[in-house]
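Geometric and topological summary
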Amino acid sequence: MQPVQKERPMRRMTRFLMMAAVASLAVAVTACSGSEATHTKPEDAARAAVAAALFTGPAGQSLSLEMTDLKFSTPALAAKSGELVEVALANKGSIEHDFSIAKLPGEKALRVGDRDTDVAKGNNEVHAHLRAGQTGVVRMRVSSPGAYEFFCTVPGHKEAGMKGTFTVQ
Ligand SMILES: [Cu+2]
């Protein structure tokens, strides 16, 4: 038997697998366009990819911040730009609070409990909302040095003192 003939069944198999892959892709596309409610938006997929990357492996810097009723445990957080920073959040108060930053250049992701969730909300690029007693983790890789204000968006809380500065060098 010549080598050319030996390759044939393999080629046929490859072609079959490729056709099967194309066919299943077509089914997936049809199913996706048929139901808008379950359609994954490109921005959601991009956010999920950023979250998966940021939550892989240990962070370069670990910070923690506790929330109590109308107070953060520290008014000053510091980190290095370009480094993977983790902020472990704990709401030890009896009402809801959040850790928010209006504008923060770079990548960021939020995990509450064991679930990755939307890190941005409203006008804020970081918005980690925690119910009383809840914990969460924000991971960030800030791309530009600067002094970024963090605060709680619950009405009246920032004015009462729930704010601080996240300094990135
Ligand atoms: Cu608050």
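On a predicted model such as this, the values are computed, not experimentally measured, just so you know.

Another aspect to go through is the overall build of the chain. Secondary structure assignment for the chain yields two helices and 11 strands. Mapped from its N terminus to its C terminus, the chain presents α and β elements in the order α-α-β-β-β-β-β-β-β-β-β-β-β. Every one of the 169 residues in the chain was classed for burial, and the buried ones make up 23%.

What follows covers the environment of Ala 88. If you trace the backbone, Ala 88 turns up in strand 4 (residues 84-91). For Ala 88, a count of 14 C-beta atoms within 10 Å puts it in the partly exposed group. Along the chain, Ala 88 and Ser 64 lie 24 residues apart, while their C-alpha atoms are 4.5 Å from each other. For Ala 88, the residues in contact, after removing those within four places along its chain, are Ser 62, Ser 64 and Val 137.

Of all hydrophobic cores here, the largest spans 29 residues; its most connected members are Leu 89, Val 126, Val 138 and Phe 150. Here Val 138 is in contact with Val 87, Leu 89, Phe 99, Lys 108, Leu 110, Val 119, Val 126 and Ala 128, once residues within four sequence places are set aside.

Attention now moves to the sheet that holds strand 6 (residues 106-112). Across the sheet, which stays open at both edges, the six strands sit in the order 2-1-4-9-6-7 with mixed pairing between neighbours. A single partner strand is all that each edge strand has here, and the edge strands are strand 2 (71-72) and strand 7 (115-117). Across the face of the sheet, helix 2 (residues 42-54) comes into contact with strand 4, strand 6, strand 7 and strand 9 (135-142) while running at roughly 80° to strand 6.

Per-residue confidence for the chain gives a mean pLDDT of 85; residues scoring 70 or more make up 78%. A low-confidence stretch, residues 21-36 stays under pLDDT 50, and its non-local contacts, those more than four residues away or across chains, total one contact.

So, about unusual backbone geometry. In this model, Leu 70 sits at a positive phi of 75°, which is unusual for a non-glycine residue. In this fold, Leu 70 is placed in the loop between strand 1 (61-68) and strand 2. For Leu 70, a count of 17 C-beta atoms within 10 Å translates into the label partly exposed.

Attention now goes to the pairing of strand 1. Sheet analysis places strand 1 next to strand 4, joined by seven bridges and oriented parallel. Opposite Leu 65, over in strand 4, you have Leu 89 as the bridge partner. Here strand 1 runs beside strand 2; their pairing, made up of two bridges, is antiparallel. Across the sheet, residue Thr 68 finds its bridge partner in strand 2, namely Lys 71.

Another point: the environment of Glu 159. Position of Glu 159 relative to the elements: it lies in the loop between strand 10 (146-151) and strand 11 (163-168). Along the chain, Glu 159 and Leu 70 lie 89 residues apart, while their C-alpha atoms are 9.2 Å from each other.

Below, the discussion takes up the environment of Gly 106. With respect to the helices and strands, the residue Gly 106 is situated in strand 6. A C-alpha to C-alpha distance of 7.3 Å links Gly 106 and Met 140, two positions 34 residues apart in sequence. In this structure, Gly 106 is in contact with Met 140, Arg 141, Val 142 and Ser 143, ignoring residues within four places of it in sequence.

Parameters at a glance
Residues numbered from 1 in each chain as written. Predicted model: local features only at pLDDT ≥ 70, side-chain atom pairs only at ≥ 80, totals over all residues. Helix = DSSP H or I, 4+ residues; strand = E, 2+ residues; numbered from the N terminus. Buried ≥ 20, exposed ≤ 12 C-beta atoms within 10 Å, placed from the backbone. Contact = placed C-beta atoms within 7 Å. Core = buried A, V, L, I, M, F, W, Y, C linked by C-beta atoms within 7 Å. Pairing = 2+ DSSP bridges. Axes fitted to C-alpha atoms, helices over the stretch in contact; angles between N-to-C directions. pLDDT = per-residue confidence, 0-100.

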